[in-house]
Amino acid sequence: VLLCFYGSSACIGFTAVAMPYFFKLFGRRPDSLDDAPLVDPNDPGVLLLSASSAFAASLGLSLLGLFLSHVTLIARNKTTIEANYSGTSPYDLGARRNAEQLFG
């Protein structure tokens, strides 16, 4: 659970820091008549930064979804197999006591 939280936080944080450079790559100069980009699109560093920020964003969102699904499983005290069963879990003690039981 903590791995998913820290991983998604790191990926989304990296994406937030890299977004200004990503927008500069696809932005245009307002005073230019030829629509020249703000940075050189052929620069390998810029391309690497934009590709890595897109990868980090997708990985961060995936880990965030995994984190949220595990938090709901912890709150209901269910395993992934029991998640598809209908009805309440006989082991459900409430969200706080379930978390205390799991984390100690």
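Everything below is about the structure shown above.
Residues numbered from 1 in each chain as written. Predicted model: local features only at pLDDT ≥ 70, side-chain atom pairs only at ≥ 80, totals over all residues. Heavy atoms only, no water.

### A look at the overall build of the protein chain
Operational definition: Secondary structure elements follow DSSP: runs of H or I of four or more residues count as helices, runs of E of two or more count as strands, with numbering from the N terminus. Each residue is assigned to one of three classes by its accessible area relative to the maximum for its type, calculated with a 1.4 Å probe on protein chains only: buried under 20%, partly exposed between the two thresholds, exposed over 50%. Throughout, a contact is declared for two residues whenever any of their heavy atoms are within 4.5 Å. Surface accessibility in these figures is a Shrake-Rupley result with a 1.4 Å probe; residues are shielded only by whichever protein chains are displayed.
Across its full length, the protein chain carries three helices and zero strands. Starting at the N terminus and ending at the C terminus, the protein chain contains elements arranged as α-α-α. Looking at the 104 residues of the protein chain, the share that counts as buried comes to 19%. Put simply, of all contacts in the protein chain between residues at least 6 apart along the chain, 47% involve residues at least 24 apart. By element, 66% of the accessible surface of the protein chain is carried by carbon and sulfur atoms, the whole surface being about 7,600 Å².

### What about the pattern of salt bridges?
As a reminder, the rule being used: Just to be clear on terms, a salt bridge is a Lys or Arg side-chain nitrogen sitting within 4 Å of an Asp or Glu carboxyl oxygen.
Taken as a whole and judged by the stated rule, the model has one salt bridge. Between Arg-96 and Glu-100 there is a salt bridge whose closest N-O contact spans 3.3 Å. One end of the pair, Arg-96, and the other, Glu-100, are both in helix H3 (residues 95–103), four residues apart, so they sit about a helical turn from each other.

### Some points on the packing of aromatic side chains
Aromatic ring pairs: the centre-centre distance and the angle between the two ring planes describe each pair. The condition is simple: Geometry of aromatic contacts follows a simple scheme: Phe, Tyr and Trp rings, the Trp one being its six-membered ring, pair when their centres are within 6.5 Å, and the pair is stacked under 30 degrees between planes, edge-to-face over 60, tilted otherwise.
A complete count under the given rule lists two aromatic pairs for this structure. Measuring from centroid to centroid gives 5.5 Å for Phe-5 and Tyr-6, while their planes differ by 55°, and the two rings are tilted. By relative accessible area, Phe-5 is classed as partly exposed at 36%. Between Phe-5 and Phe-67, the aromatic rings sit 5.4 Å apart at their centres with planes inclined by 45°, giving tilted as the arrangement.

Interpretation note: all reported values are geometric properties and have no functional meaning in isolation.
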